[in-house]
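Close look at the chain arrangement
Take a look at the letters that make up each chain.
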Amino acid sequence: MKAYSIYKKKFQFPAILLFILLFVTACSSTKFIEDYQSIVKKVDIDSIPKQYEEESLNYIQKDIRPAPRLGINVGLYNLFYTLFKTKSVGNPAPVLDSTLVEISRNQIEKFLNSKGYFKAKVKSEIKVKNQRAEVDFKANPGPAFSINKVEYKIPDSAVNQLYQDKKAMFTHLHEGMQYDDDSLSYEREQIYQVMKENGYFDFSRPYVRFTVDSALNASKTNVVLYIDQPANNGKHTKYLIGESNVIVAPSTDGFTDSVKLNPRIFRGIRYTDLSKRFRRNPIVRYDFIRQGEVYDVSKENLTFDRLYELNVFKNVKIEYTKDKDSADRVNPLIQLIPQKKMSNRVEGEIPFNAGTIGFTLGNTYTNNNFFRGAERFEFQVKGGLQSRIGQGVPFFKDIYQRDFSISASLAVPRLMVPFDIPMMGKNGIPYTTFSTSYVYALQKDFFVRRVFLNSITYEWVETKSKLHSFTPLNFEYRFGGLLVDTSDTPKGQEGRDLLAAYSYNIKLLDRRDLTVGVKYAYSLNANKLLLNKSFVYFRGNIELAGNMLDAVSRLTDRKHNPSEGDYARILGLPFNQYVRPEVDIRWYKSLGVDKQFVARINGGVGYAYGNSTAVPFEKLFFAGGSSGVRAWQARTLGPGNYNRAERVPTEEARKTLYGIDQLGQMHIEANLEYRYGLINNFFGAKLKGAIFLDAGNVWNISPGNPQPETYFDFKNIGNQLGIGTGMGFRYDVQYFVFRFDIGLKLKDPQFKGSEQWVISKFLGGGRAFKNEYKIANSPDTYRFVQYNFGIGLPF
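Residues numbered from 1 in each chain as written. Predicted model: local features only at pLDDT ≥ 70, side-chain atom pairs only at ≥ 80, totals over all residues. Heavy atoms only, no water.

Right, let's talk about the overall build of the chain for a bit. When helices and strands are counted, the chain shows 16 helices and 31 strands. In terms of overall dimensions, the chain has a C-alpha envelope of 105 × 80 × 55 Å along the principal axes. Among the 795 residues that make up the chain, the fraction classed as buried is 44%. Put simply, 66% of the contacts in the chain that link residues at least 6 apart link residues at least 24 apart. The centroid of the 107 positive side-chain charges in the chain is displaced by 3 Å from the centroid of its 82 negative side-chain charges. (Helix = DSSP H or I, 4+ residues; strand = E, 2+ residues; numbered from the N terminus. Buried < 20%, exposed > 50% of the residue type's maximum accessible area, 1.4 Å probe, protein only. Contact = heavy atoms within 4.5 Å. Lys, Arg positive; Asp, Glu negative; His and termini not counted. Charge placed at Lys NZ, Arg CZ, Asp CG, Glu CD.)

Next comes the structure, spelled out in structure tokens:
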């Protein structure tokens, strides 16, 4: 080991130095171009009106845009190309091209014209020194023209009346405003939408045109809006919906040459299922193009979206034919090609933290059309092991946790309620989900836990940004057992001492009970989480349990005293009674391309009352982990100022209680994170970076716990918070984001006073501190730095 250490030190520094030298050399981009070429180092646009400065930069051709001064894309491109002859990392330096400079100059000039600067002129100048080029664009925008008068020439009186009635809702075109091409384009698009939503099936965008007269004095212009009539000088025809044909292809391969239609028409819809796989009602329920109604393109789009969302069709096509017997009717033709009905997916993951490692393996069977009504059935089997590492023991010799679960769910694409819901599915497909699962957990020499769960959940979309989930029935049956040795032996005595000292939490593992309750969750702006925009995200949920059973018990049974262990029972089992609200609020602030700032606060509390003195074990909170306070491994922070060495005096007890004694009934976490682009091209994807600051903890709030330092104290909250910082990398492959975060502890609440600021130990004396900690906390070791792997963003 010593020889290896010397060898490592001998070559580590030269290797790092060599990499730095190579990278610095690679940053000198001129060595990779010809003698007659130059690298664009700077581009300036001068005298552009301030409000258009940022937008005007988009009109500079990408191939001559200089690399960011602090960017590493060019250096990495050159380094990897030098060493490995690959162009898959970073981007090449921008080479000066006078043709692209001229195109950029012309585009900037046209952009200013489009914003009302009709007399704008832009000049370009190129300066080259030592194969480094600077490109300067200088604009002379001239006066900004405003709209003097807007005239409307719409010969069709019905179209004119419709436009005049609707324009107040959308128009950006007003007298006195600065002229802007975008306002005219927006007006054209809105007129097109209004016409298509009000029966004008044949209407197209070219019918809307503008003339602009900028030859007036005082920088004024007149605008005339025309909505032309059809070429035959007739009026625009307003169409109604006729008979609809909904046809399902015979297989995933699509339609054959001959199609035999169903002769039966019901409520204006002829439904023909050539595949014999789909019942009528679940499909036509989301056809919003109804017979007798005025043609409306928005209902066409709505039908298209919802039929795709059913997730049983790989292709949806909507066409129209004009009715031969009526001049003002169109007949919809909806063609559906089914997708593969069943699938099977095997998944595996390796949960890894600096302290534990394990693996999880699962198999999920999916049937997307279980009862021929687009019902999604899933059956999953999953199991895993978790082992401690760093103790000098092989993986399979120190497996401390085993998990197994089996679950089934059936999601029906509608709300199964005994009343009618108008326009159900207008903003998204609603679902009624029936689910059942069995979960088994075993912690070595400590406990075995079994939970049987059943629920019915309604999920619906109020708007694209507002989602609701309501579970009117949530039934849980828990039964477990302790594996702690309590025999008349020295080891048994240790077990009895352990149970006596930690009966508050341990009794939750041994209890056999029932939970019957309801849940509700609401989220705002969940559809924007993957977008680089500025918005506020909110998710709140609340779970109530036991109130109905308590009411029944009070009517049929005597009074009970839960604090003395005398619980009211249903079917011979005590039932849980608690409330558990939780909120997650985030502020996302876009700072430009690939740059975003996120602030988050997440909190929750589980409060037992009535027939319970504590919430169920599975409802407790933990701190730390890859989506929380990332400088701590999950379930190793808190509760409060809890210190394992003081409360768990023996090494064997610390092993037994691992991951159990650091849970709480309340949690608060706050995160600040700055996200930025790092490498635009990293083996075909983007590599992004993040810098973060996390703070939080868990606490106890229910009475009866003999550890006062674990209780929440608002006056002492600053002394009870764990604080960590760090940096991370995100490998964004469009559909997945692979994440690696490095967290560093700043303040650890398990210590006292100034000793909490463990960052001072990390910066000096860290080795001695860790050795002392190991002696007092064995087998636990102290880690200033925590590594976290994950898929997806942490929040």
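The omega angle of the peptide bond from G638 to P639 is 0°, so this bond is cis rather than trans. Along the polypeptide, P639 turns up in the loop between β26 (607-608) and α12 (644-647). A positive phi angle is found at L571, which is not glycine, with a value near 55°. Inspection of the secondary structure puts L571 in the loop between β22 (569-570) and β23 (573-574). Given the relative accessible area of 79%, L571 is considered exposed.

Let us look at the sheet that holds strand β3 (residues 132-140). One open sheet accounts for three strands, arranged β1-β3-β2; its pairing is mixed. Taken across any chain shown, the strands that pair with only one partner, and hence form the sheet edges, are β1 (39-46) and β2 (121-129). Averaged over all neighbouring strand pairs, the angle between strand axes comes to 15°, with direction disregarded. For β1 and β3, the ladder comprises seven bridges, and the chain directions are parallel. Paired with V43 across the bridge in β3 is V135. (Pairing = 2+ DSSP bridges. Axes fitted to C-alpha atoms, helices over the stretch in contact; angles between N-to-C directions.)

This part takes up the packing of aromatic side chains. Applying the stated criterion across every chain, the model contains 38 aromatic pairs. For the ring pair F740 and Y787, a centre distance of 6.1 Å and an interplane angle of 10° mean the geometry is stacked. Of the two residues, F740 is situated in strand β30 (residues 737-747) and Y787 in strand β31 (residues 785-791); the sequence distance between them amounts to 47 residues. Measuring from ring centre to ring centre gives 5.6 Å for F751 and F769, while their planes differ by 70°; the resulting arrangement is edge-to-face. On the criterion of sequence distance, the pair formed by F751 in the loop between β30 and α15 (759-763) and F769 in helix α16 (residues 766-777) is long-range, its members being 18 residues apart. (Phe/Tyr/Trp six-rings, centres within 6.5 Å; stacked < 30°, edge-to-face > 60°.)

Moving on: the side chain of R654. You can see R654 is positioned in helix α13 (residues 651-656). Nearest to the buried, unbridged R654 among oppositely charged side chains is D780, at 4.8 Å. Of the polar contacts made by the side chain of R654, one reaches the backbone oxygen of A776; its length is 3.5 Å. (Salt bridge = Lys/Arg side-chain N within 4 Å of Asp/Glu carboxyl O. Polar contact = N/O pair within 3.5 Å; in protein donor to acceptor, adjacent residues only side chain to side chain.)

Below, the discussion takes up a negative patch on the surface. Taken together, the side chains of D445, D485, E494, D497, E651 and E652 present a region of like negative charge at the surface. Broken down by secondary-structure element, the contributors of at least two residues to the negative patch are α9 (490-501) and α13. Within the element layout of this structure, E651 appears in helix α13. According to the relative accessible area criterion, E651 is partly exposed, its value standing at 38%. (Patch = residues over 30% accessible without salt bridge, like charges linked within 9 Å, V, L, I, M, F, W, Y side chains within 5 Å. Areas by Shrake-Rupley, 256 points an atom, 1.4 Å probe, with all protein chains shown as cover.)

We now examine the sheet that holds strand β4 (residues 146-153). Spatial strand order, β4-β6-β5: three strands in an open sheet with mixed pairing. The two strands at the open ends of the sheet, each matched to only one other strand, are β4 and β5 (208-213). Here the average twist between neighbouring strands, direction ignored, is 20°. In terms of strand pairing, β4 meets strand β6 (residues 220-227) through seven bridges, oriented parallel. Across the sheet, E151 pairs through a bridge with V224, a residue of β6. Lying on the sheet, helix α6 (residues 181-197) is in contact with β5 and β6; it crosses β5 at an angle near 155°.

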